Structures are given as structure tokens and as C-alpha cells.
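Chain by chain, the residues:
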Amino acid sequence: DRLYSERSKAELQVAGFEIIANLLHTFCEAVELVAHGSTHLREKAKLILRLLPQGDAVVAEPSRYQRLLCVTDQVAGMTDSYALEMHRRLQGGLP
């Protein structure tokens, strides 16, 4: 029984790591595409950034470091359930 509990806990933690990694990758890539990417890639990136609490205002940060720090701060501030919901939306799941 304890082994099953430990395995379930590990599975949840691994899933959490994957969700956070996906959110960071997606939002950081989007903020850089909006800041410097080609025109056809910017539209999707702008839509992705609208999902963040600060929206595409993140792009207004003057340096790449500050933009990425802002994204990291917003992802770190998400509750577990909100991060999971955001991950699902980014993967194509509808609310």
C-alpha cells in the first residue's frame, strides 16, 4: 500500500515538472517571438501571451532578461490547478 502511495506521489510530481516546463517554454518562446520574431509567427505568439495575467504587456519590458523574468514570475505565481488548466488550454483543450 505504501509503495503504491509513493509511486502515485512520484507520478504527480513528474507531471507537475512537465507542466511547469511546458508553460515556461511556451510563454518564453512566445514573448521572444513577439519581441523579435517574424510576422507570421507573431500572431500566434500574441494570442498565447494574452493568456498570461499581464497579457502581452510582458513584451514592453526593455531587456530579454526582464521579459523572461516577468514570464517566470507569472508562471511561478500560478496555483497548481490554474497551471494544469493553462497547460490543457495550450495543448488544444478548450475551457
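See the structure printed just above.
Thresholds applied
Residues numbered from 1 in each chain as written. Predicted model: local features only at pLDDT ≥ 70, side-chain atom pairs only at ≥ 80, totals over all residues. Heavy atoms only, no water. Buried < 20%, exposed > 50% of the residue type's maximum accessible area, 1.4 Å probe, protein only. Helix = DSSP H or I, 4+ residues; strand = E, 2+ residues; numbered from the N terminus. Arc of directions from axis to C-beta. Salt bridge = Lys/Arg side-chain N within 4 Å of Asp/Glu carboxyl O. Contact = heavy atoms within 4.5 Å. Core = buried A, V, L, I, M, F, W, Y, C linked by side-chain atoms within 4.5 Å. Polar contact = N/O pair within 3.5 Å; in protein donor to acceptor, adjacent residues only side chain to side chain.

1. Let's talk about helix α4 (residues 80-90)
Part 1 of the reasoning: A83, M86 and H87 are the residues of α4 that are buried. Down the axis of α4, the buried set is contained in an arc of 100 degrees. They therefore lie on one face.
Part 2 of the reasoning: Just past α4, the residue G92 takes up positive phi, approximately 105 degrees.

2. Focus: the pattern of salt bridges
Part 1 of the reasoning: Under the defined criterion, the tally for this structure stands at 4 salt bridges.
Part 2 of the reasoning: Measuring nitrogen to oxygen at the nearest pair gives 3.4 Å for the salt bridge that ties E32 to R64. Residue E32 is found in helix α1 (residues 2-36), and its partner R64 is found in helix α3 (residues 64-76); the two are separated by 32 residues along the sequence.
Part 3 of the reasoning: Looking at E32, the relative accessible area reads 16%, which means it is buried.
Part 4 of the reasoning: Look at the salt bridges and you will find they share partners, linking E32, R64 and R67 into a network.

3. A word on the side chain of H87
Part 1 of the reasoning: On the secondary structure map, H87 appears in helix α4.
Part 2 of the reasoning: Apart from residues no more than four positions distant in its own chain, H87 is found in contact with I19, N22 and L23.

4. Side note on the nonpolar core
Part 1 of the reasoning: Within the largest apolar cluster, 19 residues are counted, with the highest numbers of intra-cluster contacts made by L23, F27, L49, L52, V71 and M78.
Part 2 of the reasoning: Elements supplying a minimum of two residues to this core: α1, α2 (39-49), α3 and α4.
Part 3 of the reasoning: Examining the composition of this core, we find that 7 residues originate from one element, α1, more than from any other.
Part 4 of the reasoning: Beyond its immediate stretch of four places on either side in the chain, F27 contacts I48, L49, L51, L52, V71, V75, M78, M86 and L90.

5. A closer look at the side chain of Q74
Part 1 of the reasoning: Structurally, Q74 is set in helix α3.
Part 2 of the reasoning: Of the polar contacts made by the side chain of Q74, one reaches the side chain of Q54; its length is 3.1 Å.
Part 3 of the reasoning: Apart from the residues lying within four places of it in its own chain, the contact partners of Q74 are L52, P53, Q54 and V58.

6. Brief notes about the environment of G37
Part 1 of the reasoning: On the secondary structure map, G37 appears in the loop between α1 and α2.
Part 2 of the reasoning: Taking C-alpha positions, G37 is 26 Å from E18, a pair spaced 19 residues apart along the chain.
Part 3 of the reasoning: Apart from residues lying up to four places away in sequence, G37 is in contact with E32 and R42.

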